[in-house]
Amino acid sequence: MNLLGILIATLVAGVGSVWLAALVLRLATRGPKLIADRRYLLSLAAGALLATAFMHLLPEAFESGARPAALFAVLLGGLVVFFLLDKVELWHHGHEHAHPHAHGDAHDHGHHHHGHAHATRRGGAWAVLAGDSLHCFGDGIVIAAAFTADPALGVVAALAVLAHEVPHHIGDLVVLDAAERAPQAALVKLSLAGLVTSLGGLMGWWLTGQLAEWLPYFLVAAGSSFVYVALADLIPQLQVRMTKRQTAAQVAWLVVGIAVVTVVSQLAHGEHDHGHAGHAHGAAQGTDAHDDHGHDKDHDHAHTSAPAFK
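1. Some thoughts on the overall build of the protein chain
Looking only at helices and strands, one finds twelve helices and zero strands in the protein chain. Going from the N terminus to the C terminus, the protein chain shows its helices and strands as α-α-α-α-α-α-α-α-α-α-α-α. Taken across its 310 residues, the protein chain has 44% of its residues classed as buried. For the protein chain, the computed accessible surface area is about 16,000 Å², with 69% contributed by carbon and sulfur atoms.

Okay, here's the thing in structure tokens:
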């Protein structure tokens with residue numbers, strides 16, 4: 001059942017985010033005011049990522065019983081690794097930034113974390129698709145690790161991935177539209193790249209199954225990726241001079257992102273707990289029957305109090 005949930009969640013996050021980005025971009029072309037609203041999408045995404053990392057992924061990892069010092073080391077190491085990967089990608093795509101193009105608003109829609117908002121030539125377009133595919137693969141692993149710990153946590157992680165991929169894919173569609181002759185080719189190619197999220201989900205499912213004892217560290221690594229994208233990528237794009245009204249709207253969308261993740265988490269956990277209520281009741285009756293046959297309740301309690309994922 002976990003595998004089916006992972007596949008559905010990765011499809012929604014990977015391909016669904018592409019189609020949602022295409023819808024937002026189409027709406028944005030109908031009026032210049034809507035184009036500026038991308039900043040609010042970034043605020044929403046940042047709030048969702050930070051809430052997922054600090055309120056769900058990291059607490060889940062720390063509740064596992066793993067050593068906090070080791071988990072904090074993984075968190076720090078993850079942030080450093082993502083910083084270095086960012087540097088490598090900037091070096092790799094650095095030559096593309098030396099060639100400005102006619103689509104000046106592509107930079108506005110672009111996702112700085114991937115460093116390819118200026119690549120409009122065919123070679124640059126393939127670089128965008130290759131970079132997207134790699135990023136989607138990593139997203140799939142993150143979602144799978146969250147699902148393995150708790151299906152409800154997997155739903156929250158998928159929502160956070162969806163939220164931060166929409167503004168990213170808006171930039172990618174602008175870039176690919178400039179490089180493609182057929183109007184729908186960019187959407188089809190980017191959707192295929194989004195499918196790689198499911199491949200990452202399958203790989204993550206297999207890895208966490210083989211290395212179950214490492215699951216807390218997978219969750220911390222996933223949390224570090226969300227924190228890095230939010231703080232090093234999305235929020236810096238929001239640090240521009242704005243009116244008081246725009247700033248208030250920006251903060252409000254950040255809070256909305258946090259609230260949406262919280263509400264979805266509560267709903268998902270509610271369904272998950274309800275689905276297991278009958279099983280827990282049956283297990284309790286089985287334990288009582290066991291105790292009636294002379295088993296030591298203290299011994300049973302010692303086993304049930306061991307740290308475990310929800």
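Read on, since the account is not over.
2. Structural notes on the environment of D177
Secondary-structure assignment places D177 in helix α7 (residues 151-179). Classification of D177 as partly exposed rests on a relative accessible area of 39%.

3. What to know about the side chain of D139
Relative to the helices and strands, D139 resides in helix α6 (residues 122-149). Dropping the residues within four chain positions of it, D139 is found in contact with V161, H164, E165 and T197.

4. Points about the side chain of D132
With respect to the element layout, D132 can be found in helix α6. At a separation of 2.7 Å, a polar atom in the side chain of D132 contacts the side chain of H168. Contact partners of D132, with chain neighbours within four places excluded, come to H168, H169, D172, L190 and A193.

5. Examining the nonpolar core
Formed by 42 residues in total, the largest nonpolar core has its most connected members in L49, L57, I143, L219, F226 and L234. When contributions to this core are tallied by element, the ones reaching two or more residues are α1 (2-28), α3 (38-62), α4 (68-92), α6, α7 and α9 (215-238). Examining the composition of this core, we find that eleven residues originate from one element, α3, more than from any other. By size, the runner-up hydrophobic cluster in this structure holds 14 residues, among which are A21, V166, V174 and A186.

6. Re the confidence of the model for the protein chain
Summarising the model, the protein chain shows a mean pLDDT of 76, and 69% of its residues fall at 70 or more. The lowest-confidence element of the protein chain is helix α5 (residues 106-109), averaging 40 in pLDDT; the highest-confidence one is helix α8 (residues 185-210), averaging 91. The low-confidence segment residues 95-123, where pLDDT is below 50, has 70 contacts with residues more than four positions distant or belonging to other chains. In the model, residues 274-310 has pLDDT below 50 throughout and makes 20 contacts with residues more than four positions away in sequence or in other chains.

7. Here we look at the environment of G257
Among the structural elements, G257 can be located in helix α10 (residues 244-275). Residue contacts for G257: discarding those within four places in its chain leaves L44, G47 and A48.

8. What to know about α9
Between its first and last C-alpha, α9 extends 33 Å over 24 residues, near the 34 Å set by a 1.5 Å rise per residue. A230 marks the point of greatest bend in α9, at about 30 degrees. The buried fraction of α9 is high, at 17 of 24 residues.

9. A look at the environment of I258
With respect to the helices and strands, I258 occurs in helix α10. Discounting chain neighbours no more than four positions away, the residues touching I258 are G47, A48, A51 and M55.

10. Focus: a nonpolar patch on the surface
A cluster of nonpolar side chains, L11, V188, L192 and L195, forms an exposed patch at the surface whose accessible area comes to about 350 Å². Tallying contributions element by element places α8 first for the nonpolar patch, with three residues.

Definitions and limits used
Residues numbered from 1 in each chain as written. Predicted model: local features only at pLDDT ≥ 70, side-chain atom pairs only at ≥ 80, totals over all residues. Heavy atoms only, no water. Helix = DSSP H or I, 4+ residues; strand = E, 2+ residues; numbered from the N terminus. Buried < 20%, exposed > 50% of the residue type's maximum accessible area, 1.4 Å probe, protein only. Areas by Shrake-Rupley, 256 points an atom, 1.4 Å probe, with all protein chains shown as cover. Contact = heavy atoms within 4.5 Å. Polar contact = N/O pair within 3.5 Å; in protein donor to acceptor, adjacent residues only side chain to side chain. Core = buried A, V, L, I, M, F, W, Y, C linked by side-chain atoms within 4.5 Å. pLDDT = per-residue confidence, 0-100. Expected span 1.5 Å × (residues − 1). Bend = angle between axes of the 7 residues up to and from the residue. Patch = residues over 30% accessible without salt bridge, like charges linked within 9 Å, V, L, I, M, F, W, Y side chains within 5 Å. Salt bridge = Lys/Arg side-chain N within 4 Å of Asp/Glu carboxyl O.

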